[in-house]
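# Close look at the chain arrangement
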Amino acid sequence: MFIVAIVSLLTGCAVTRHSGTAKPENSTGETATLKGSVWEDETGEPVVYANVILLDGKDKMRYGTYTNEKGEYQIEGVSYGKYTVRFISVGYYEKAILIDIKKNEEQLSTGLKDNHIKLD
């Protein structure tokens, strides 16, 4: 969550665990819930407190959250459209996935590869 907080301060984008009050930014006004899970590629164990950040086409952060103790996340109130979803966690390689959100509930789950760098 620390990384998400710093990014939100630098970009001026509000980041909440569940952004149910987000205002639609598309012409239709429709919003969706994006949810899924993040796990460690080699072991299948959940990646706890990984940052999940949605960037628009101009690489501006629009939404964000972090995974819970089970590696699950949920972001409500996401405007329909195309985003780059970035998964970031200390000790893992960052992953970016393109997604086109066009229905009221979207699922996006992924594994992260351990970069074998550990903090003492």
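Every chain begins its residue count from 1, and numbering advances along the sequence as written. Given that the model is predicted, a residue must reach a pLDDT of at least 70 before its local features are reported, and side-chain atom pairs must reach 80 or more before they are shown or counted; all residues, however, enter totals for whole chains, interfaces and linings. Calculation of side-chain values draws on the structure's entire complement of heavy atoms; hydrogens and water are dropped beforehand.

## Some remarks on unusual backbone geometry
With the exception of glycine, the majority of residues adopt a negative phi angle, and the majority of peptide bonds are in the trans configuration. For Y49, which is not glycine, the phi torsion reads 60° and is therefore positive. Secondary structure elements are defined from DSSP: runs of H or I of at least 4 residues count as helices, runs of E of at least 2 residues count as strands, and each element is numbered from the N terminus. Secondary-structure assignment places Y49 in the loop between β1 (31-40) and β2 (51-55). Not every positive phi belongs to a glycine, and D59 is a case in point at roughly 60°. For D59, the position within the fold is in the loop between β2 and β3 (61-66).

## Remarks on the sheet that holds β3
Picture the strands of a sheet paired through backbone hydrogen bonds; they go either parallel or antiparallel. Note: two strands are recorded as paired if DSSP finds a minimum of 2 bridges between them. As summarised here, the arrangement of the 4 strands in space is β3-β2-β5-β6, forming an open sheet in which the pairing is antiparallel. Taken across any chain shown, the strands that pair with only one partner, and hence form the sheet edges, are β3 and β6 (95-101). Across the sheet, the axes of successive neighbouring strands diverge by a mean angle of 20°, strand direction being ignored. Two elements, strand β5 (residues 81-88) and β6, share 7 bridges in a ladder whose sense is antiparallel. Paired with R86 across the bridge in β6 is A96. Axis definition: a line fitted to C-alpha atoms, limited for helices to the stretch in contact. Angles are taken between N-to-C directions and run from 0 to 180 degrees.

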